[in-house]
Amino acid sequence: MSFFIRNKTSKKSKKEEKQKRTSSEIKKSKRKFEETLTAKEKFSIDDSEEDEEAEGATSSDEDLAETTQEKKLRLAKKYLEEIEKQERERAELQEVDQSVIEGRLKHDLLEQSGRLHKNVADKFIGYDSENIKVLRCKEHNLPITCLAVSADNKFIYSASKDCVIVKWCLVDKKKLKATPNPRKCSADLKQKCHQHRILSLTISTDGKFLAAGDEGNIIHIWNADTLQHMHTFKGHKGPVTGLAFRRDTHQLFSVSTDRAVKLWSLDEMACIETLFGHQSGITAVDALARERAVTSGGRDNSLRVWKIVEESQLVFNGHQGSIDCVRLLDEQHFISGGDDGTLSLWSAMKKKPLCSVVNSHGRDQTTNEANWVSSVASFLNTDLAASGSNNGQIMLWKTGQACRSLVSVFHIPVKGFINGLAFTSDGQYLVAAVGQEHRLGRWWRDPSAKNSVIVIPLKQNPS
């Protein structure tokens, strides 16, 4: 299969192809405030200097270019005002030094382009075993399958095979709220809650929306603050195995065992796009700020990067078994794990993995088979990553040598299946969703494990 796949364009003229390319360039410049545009505006805006200079350009095209330039200027001014406001509130000052704004703009530019990379793995020297918190509640009697941490590091959201979502306070390490249990609520309320095992969970960057997908092919949207039901998305024909919000937007990517990738707009509560390409059920998805997502294709042994604007996809092959999890390190690099026990590091510019660690979590002593890599996490835009399995430990890895190697930093003993992992944005905690069974099935069961959310404080070298 070709590394770079495009939709058929044989019937399109050269002018239409040029308009598509210029449309792509315009849309890439609207990263921070694109959520304020409607779906119609996103796909209709088509202008650039190249169009103006092209042969046969009409006066209407020139008018459209001028209108779009004005809109770009307005969005840029709004972006600068928002940055100044945030920095002023952070410093509690009436005015902010211009150098602070310039530094923030440089940071955002590097992050958007995928070139922001901090070497912090060497600063992590271990974990605080005395202050590890094991969070358990009656709503989570069955294995916990997934979790999400809010961007402000105040709350943890966990979901389980009990069909219930629980909100935890990360500061006090206590349960705050929970969604209704379908087995104990009225018939009317059942329509607004999960009636099947929840497999995926994600929260928007602004903390407004919480999305959860279940085995009933349904995505429920919740108010992240109150856990009140807001909307239901129906469209997938199989269990929803992965969800991911684009950063700083209300656009939601979802994947399913029906082999489809869907893009939803929560501002309009509608489906924007449906993408196909995987030959097997999709197991996971992740996305950052750019209009693209990375997915793991399970038994088709492939990973795919979906470029929404370009209407294309990149295909990556490397694992020898089902790829069960994937996570972006930055806009250009990602990490994956599967049931072959291999942990792989990838670049969006390379077809094959940059580095692979075979039997990353060892082998099962009874069957002599490699322990599955059931979950991965990344400390965003740094060289630190984590992976989990059922071998009784969480592994932390350093992506050294410009993201071309994986070196074990240290491991954390945890009993049970690590079905979900997440770093807090400040790197102070690693949160794990632990269950007696794998999140996608019941191939094995460890009755000695506890179905719980584990909050692990990480130690950093002050120097």
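Residues numbered from 1 in each chain as written. Predicted model: local features only at pLDDT ≥ 70, side-chain atom pairs only at ≥ 80, totals over all residues. Heavy atoms only, no water.

(A) View of the overall build of the protein chain. Scanning the protein chain from N- to C-terminus turns up seven helices and 30 strands. In the protein chain, buried positions account for 54% of the 463 residues. Excluding contacts between residues fewer than 6 apart, the proportion of contacts in the protein chain whose partners are at least 24 apart in sequence is 50%. Total accessible area on the protein chain stands at roughly 21,900 Å², and carbon and sulfur atoms take up 47% of it. (Helix = DSSP H or I, 4+ residues; strand = E, 2+ residues; numbered from the N terminus. Buried < 20%, exposed > 50% of the residue type's maximum accessible area, 1.4 Å probe, protein only. Contact = heavy atoms within 4.5 Å. Areas by Shrake-Rupley, 256 points an atom, 1.4 Å probe, with all protein chains shown as cover.)

(B) Focus on the pattern of salt bridges. Applying the stated criterion across every chain yields a total of ten salt bridges. Salt-bridge contacts for Lys-398 lead to Asp-122; the nearest nitrogen and oxygen are separated by 3.1 Å. Here the residue Lys-398 occupies a position in strand β26 (residues 393-398), and Asp-122 occupies one in the loop between α5 (98-113) and β2 (124-127), the gap between them amounting to 276 residues. According to the relative accessible area criterion, Lys-398 is partly exposed, its value standing at 23%. Arg-197 is the partner of Glu-215 in a salt bridge, and the nearest nitrogen-oxygen pair spans 3.0 Å. Residue Glu-215 is located in the loop between β9 (209-214) and β10 (218-223), and its partner Arg-197 is located in the loop between α6 (187-190) and β8 (198-203); the two are separated by 18 residues in the primary sequence. Take Glu-215: its relative accessible area is 26%, and that puts it in the partly exposed class. (Salt bridge = Lys/Arg side-chain N within 4 Å of Asp/Glu carboxyl O.)

(C) Here's a closer look at the UniProt feature "repeat: WD" (unreviewed entry) in the protein chain. The feature "repeat: WD" (unreviewed entry), as given by UniProt, occupies residues 191-232, 233-274, 275-316 and 316-347 in the numbering adopted here. As annotated, residues 316-347 has a helix share of 0% and a strand share of 59%, and its two end C-alpha atoms lie 10 Å apart. (UniProt positions renumbered as here; feature names shortened; annotations may be inferred.)

(D) Region of interest: the sheet that holds strand β24 (residues 375-378). Reading across from one edge, β24-β25-β26-β27 is the order of the four strands in this open sheet, with antiparallel pairing throughout. At either end of the open sheet lies a strand with only one pairing partner, and these are β24 and β27 (407-413). Neighbour to neighbour, the strand axes of the sheet diverge by 20° on average, direction disregarded. (Pairing = 2+ DSSP bridges. Axes fitted to C-alpha atoms, helices over the stretch in contact; angles between N-to-C directions.)

(E) Just the side chain of Thr-382, in detail. Along the chain, Thr-382 turns up in the loop between β24 and β25 (384-388). Of note is the side chain of Thr-382, whose polar atom sits 3.3 Å from the backbone nitrogen of Leu-384. (Polar contact = N/O pair within 3.5 Å; in protein donor to acceptor, adjacent residues only side chain to side chain.)

(F) Quick peek at the pairing of strand β21 (residues 333-338). Here β21 lies mainly inside the structure; six of its six residues are buried. Across the two faces of β21 the burial is the same, with His-333, Ile-335 and Gly-337 and Phe-334, Ser-336 and Gly-338 all buried. As paired elements, strand β20 (residues 323-328) and β21 share five bridges and run antiparallel to each other. What sits directly across from Leu-328, in β21, is Phe-334. Across five bridges, β21 lies against strand β22 (residues 343-347) in antiparallel orientation.

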